[in-house]
Amino acid sequence: MVARVIPVDPFDLVVFGGTGDLARRKILPGLYRRFSAGQMPRESRIIGVARKAMTREDYRAVVAEAIGEFVAPERRDGEVERAFLDCIDYVAVDVGGDAGWSELSALMREGVVRAFYFSVGPGLFGPLADRLHAHAIADTDARVVVEKPFGNDLASARALNATLAAYFREDQVYRIDHYLGKETVQNLMAVRFANILFEPLWNAQFVDHVQITVAESVGVNGRGEYYDRAGAMRDMVQNHLMQLLCLIAMEPPFRFEPDAVRDEKLKVIRALDPVRSDEIVRGQYRAGATTPAYREEAGDPDSLTESYIALKVHVSNWRWKGTPFYLRTGKRLRARTSEIAVTFKEPPHSIFGEGESWKENVLVIRLQPNEGMNLRVMIKEPGPGGMRLKEVPLDMSFAEALGGEGGADIPDAYERLIMDVIRGNQTLFMRGDEVEAAWAWTDPVIAGWEERGDRPQPYDPGSSGPEDALMLMHRDARRWREIRD
Ligand code: NDP
Ligand code: BG6
């Protein structure tokens, strides 16, 4: 089944950092796919910006190379590619300086949506906003897309919000968390709020616990300098895992619209208890047979930064009091897999008597790979010989269910989010107060480690993380789900 495509209005999108890793791997290939799907109109323009002096033709070659490297061969088409490259332009600007802005300004057209993607280093987000304003390039309908990390702590996030607020209305600011653009993450809302089946059970009375796992098999891969200042808590928990937790725990918004959804997510973040130091485990990967240790990749032989974190989180409100949320994420783990598992409580009374091999119902939402849902239910084991129970999965792969043999055409998170920017839909973007609330919860945890000189526990690459993370569950008589493909 080919996804239904509604074209967006023509736009001028300026990609600051247009030659960088993110632009080459995600933004430009994603735009190409939207173009080839018929969603990006041919009258649109993508203007790459970086410091390097280049002609338009040079930059088109950069874009063509990115398409060659990051777009699947079956999605490529020479004629479409040529038409797409016609939409590409380039201007050299040092966003920290004043040269080049008038050339950029001259390229911008009236009567189309203007969007500015901040895909430069986070230290340049503020200066970039200043310059856009000073050179009067962003009109009152313009949108600015701000990459992560949005601050490094509450104070820096507040300062950045204040800078943006000086020049733009909140409805012009699109703070990216690419997890919100993943198909299955949005499906979480569909599963919860478009079915009557789950919502009545979606509370502490019926849910025993929730596990959120985002496991990666890769290391820090050339991003060691950034990562060593961030660690798993800032890089993944404060944003991606927090967003997943919010979507699982939030109350039904009155409508699927930006502020209604974001109000409910904010209430969840505000309801989080401070994390106890004995309910958090940090890890750091050792060297493997063929892979370097974290410290080597990070370039700091004494680094105390965590490449793994597991924590138990309590949402103190009427719906969730008493149901723990266990979160974990890490690099160089056994497999790349992300999932949310909701484990329900046992029925109040078993009519089948003691000793039956009863297992809890578990709803697993697989984010990646193999997006889908799986519900473990109990049935009678077939055959004579009395009533014996057996667990079976009700398994649904979204690609198979929606796509038949070819699989569904599921857009990548970035391409979906960029189209939302052009449409002016902020539902899948973080609001300023949400980001600040997430930092307000994260900051004391990190400060606690720093005060105590906390040392992450080593773990083997290809494992499920450090031993103590298992204990975090065992002492609650629970177990982590296996990390596997
Ligand atoms: P890169 O270092 O690969 O690219 C940086 C880009 O910015 C280059 O195009 C560079 O070109 C340009 N640039 C640097 N300084 C200036 C300047 N003063 N004026 C104008 N352009 C400048 O970074 P990434 O692409 O990896 O990251 C970009 C942003 O995206 C960062 O904020 C990062 O945190 C975020 N991000 C990246 C992810 C990734 O996977 N790469 C994932 C999530 C977020 P030139 O040197 O020619 O100026
Ligand atoms: C990024 C983090 O935001 O998300 C990276 O900075 C991480 O460290 C990445 O690898 C994971 O994203 P995905 O989409 O591959 O799960």
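Computed from a predicted model, the values in this text were never measured in an experiment.

Asks: Before we move on, can you summarise the overall build of the protein chain with the specific residues and values?
Replies: Each helix and strand counted, the protein chain has 14 helices and 15 strands in total. Since a compact globule built from 485 residues should have a radius of gyration of about 23 Å, the 24 Å found for the protein chain is in line with a globular shape. Judged by the C-alpha coordinates and their principal axes, the protein chain covers about 80 × 55 × 50 Å. Of all 485 residues assigned to the protein chain, the portion counted as buried reaches 53%. In the protein chain, once contacts between residues fewer than 6 apart in sequence are set aside, the share between residues at least 24 apart is 76%. Separation between the mean location of the 62 positive side-chain charges and that of the 74 negative ones in the protein chain comes to 2 Å.

Asks: A description of the side chain of aspartate 420 should follow, citing residues and the corresponding values.
Replies: Structurally, the position occupied by aspartate 420 is in helix H12 (residues 413–423). Excluding its chain neighbours within four sequence positions, the residues that come into contact with aspartate 420 are Tyr174, Asn425, Leu428 and Phe429.

Asks: Mind laying out the packing of helix H7 (residues 183–193) against helix H8 (residues 224–249), listing which residues take part and the relevant values?
Replies: Close contact between H7 and H8 brings their axes to 9 Å; oriented N to C, the two are set at 10°. Between H7 and H8, the interaxial angle falls into the category roughly parallel. Contacts between H7 and H8 involve Val185, Leu188, Met189 and Arg192 from the former and Leu244, Leu247, Ile248 and Ala249 from the latter. Counted by class, the contact of H7 with H8 contains seven nonpolar, no polar and one charged residues.

Asks: Let's hear about the environment of isoleucine 47: which residues, and what values?
Replies: Mapped onto the secondary structure, isoleucine 47 falls in strand S2 (residues 45–50). For isoleucine 47, a relative accessible area of 0% translates into the label buried. For isoleucine 47 and valine 112, which are 65 residues apart along the polypeptide, the C-alpha to C-alpha distance reads 14 Å. Beyond its immediate chain neighbours, meaning those up to four positions away, isoleucine 47 contacts Leu13, Val14, Val15, Asp89, Tyr90, Val91, Leu104, Leu107 and Met108.

Asks: Describe unusual backbone geometry, with residues and values.
Replies: Backbone torsion omega between lysine 148 and proline 149 reads 0°, so that peptide bond is classified as cis. In this fold, proline 149 is placed in the loop between strand S5 (143–146) and helix H6 (154–167). In this model, glutamine 368 is joined to proline 369 through a cis peptide bond whose omega is -15°. Positive phi is not limited to glycine here, since asparagine 370 has a value of about 50°. Relative to the assigned elements, asparagine 370 resides in the loop between strand S12 (362–368) and strand S13 (372–380).

Asks: Could you give an account of the site of ligand 1, with specific residues and numbers?
Replies: In the neighbourhood of ligand 1, 22 residues make up the surrounding shell, with Thr19, Asp21, Arg25, Arg51 and Val120 lying closest. Within the side chain of aspartate 21, a nitrogen or oxygen atom sits 2.7 Å from a nitrogen atom of ligand 1. Within the backbone of valine 95, one N or O atom sits 2.9 Å away from a nitrogen atom of ligand 1. Against a free-state accessible area of 890 Å², the protein chains account for coverage of 77% of ligand 1. By residue number, the principal contributor to the shell around ligand 1 is helix H1 (residues 21–36), which donates three residues. Considered class by class, the residues forming the shell around ligand 1 number nine nonpolar, six polar and seven charged.

Asks: Outline the site of ligand 2, supporting the account with residue identities and numerical values.
Replies: In the vicinity of ligand 2, the contacting residues are Lys148, His178, Tyr179, Lys182, Glu216, Arg223, Asp235, Met236, His240, Lys331, Arg336 and Gln368. Between an oxygen atom of ligand 2 and a side-chain N or O atom of aspartate 235, the distance comes to 2.6 Å. Taking arginine 336, its side chain carries an N or O atom lying 3.2 Å from an oxygen atom of ligand 2. Considered on its own, ligand 2 offers 400 Å² of accessible surface; in the complex 82% of this is hidden by protein.

Asks: Go over the nonpolar core with me, naming the residues and quoting the values.
Replies: Membership of the largest hydrophobic core comes to 147 residues, with the highest contact counts inside it found for Phe16, Phe84 and Phe118. The biggest single contributor to this core is H8, with 15 residues. Apart from the residues lying within four places of it in its own chain, the contact partners of phenylalanine 118 are Phe16, Phe125, Leu128, Ala129, Leu132, Val144, Val145, Val146, Glu147 and Leu164.

Asks: Report on the sheet that holds S2, specifying residues and quantitative values.
Replies: Across the sheet, six strands lie side by side as S3-S2-S1-S4-S5-S6; this open sheet has parallel pairing. The sheet terminates laterally at strand S3 (88–92) and strand S6 (173–175), the two strands that pair on one side only. Taken over all neighbouring pairs, the strand axes of this sheet differ in orientation by 20° on average, direction set aside. Bridging between strand S1 (residues 11–16) and strand S4 (residues 113–118) involves six bridges; their strand directions are parallel. Among the inter-strand pairings, leucine 13 is bridged to a residue of S4, identified as alanine 115. Here helix H5 (residues 125–134) sits on the sheet and contacts S1, S4 and S5; the angle it forms with S4, its principal contact strand, is near 150°.

Asks: Tell me about the packing of aromatic side chains, and please be specific about residues and values.
Replies: Ring pairs (aromatic) are described by centroid distance and by the angle formed between their planes. As enumerated under the stated definition, the model contains 16 aromatic pairs in all. Centroid distance phenylalanine 118 to phenylalanine 125: 6.4 Å. Interplanar angle 45°. Geometry classified as tilted. No difference in accessibility class separates phenylalanine 118 from phenylalanine 125, as the two residues are buried. Through a chain of ring-to-ring contacts, three or more aromatic side chains come together here, namely Phe16, Trp101, Phe116, Phe118 and Phe125. Just above the ring of tyrosine 179 sits the side chain of lysine 182; from NZ or CZ to the centre is 4.6 Å. Positioned above the aromatic ring of tryptophan 449, the side-chain terminus of arginine 282 is 4.2 Å from the ring centre.

Parameters and conventions
Residues numbered from 1 in each chain as written. Chains lettered and ligands numbered in written order. Predicted model: local features only at pLDDT ≥ 70, side-chain atom pairs only at ≥ 80, totals over all residues. Heavy atoms only, no water. Helix = DSSP H or I, 4+ residues; strand = E, 2+ residues; numbered from the N terminus. Rg over C-alpha atoms; globule rule 2.2 N^0.38 Å. Buried < 20%, exposed > 50% of the residue type's maximum accessible area, 1.4 Å probe, protein only. Contact = heavy atoms within 4.5 Å. Lys, Arg positive; Asp, Glu negative; His and termini not counted. Charge placed at Lys NZ, Arg CZ, Asp CG, Glu CD. Axes fitted to C-alpha atoms, helices over the stretch in contact; angles between N-to-C directions. Parallel < 35°, antiparallel > 145°, perpendicular 65-115°, else oblique. Nonpolar A, V, L, I, M, F, W, Y, C, P; charged D, E, K, R; others polar. Near = heavy atom within 4 Å. Polar contact = N/O pair within 3.5 Å; in protein donor to acceptor, adjacent residues only side chain to side chain. Areas by Shrake-Rupley, 256 points an atom, 1.4 Å probe, with all protein chains shown as cover. Core = buried A, V, L, I, M, F, W, Y, C linked by side-chain atoms within 4.5 Å. Pairing = 2+ DSSP bridges. Phe/Tyr/Trp six-rings, centres within 6.5 Å; stacked < 30°, edge-to-face > 60°. Lys NZ or Arg CZ within 6 Å of the ring centre and 35° of its normal.

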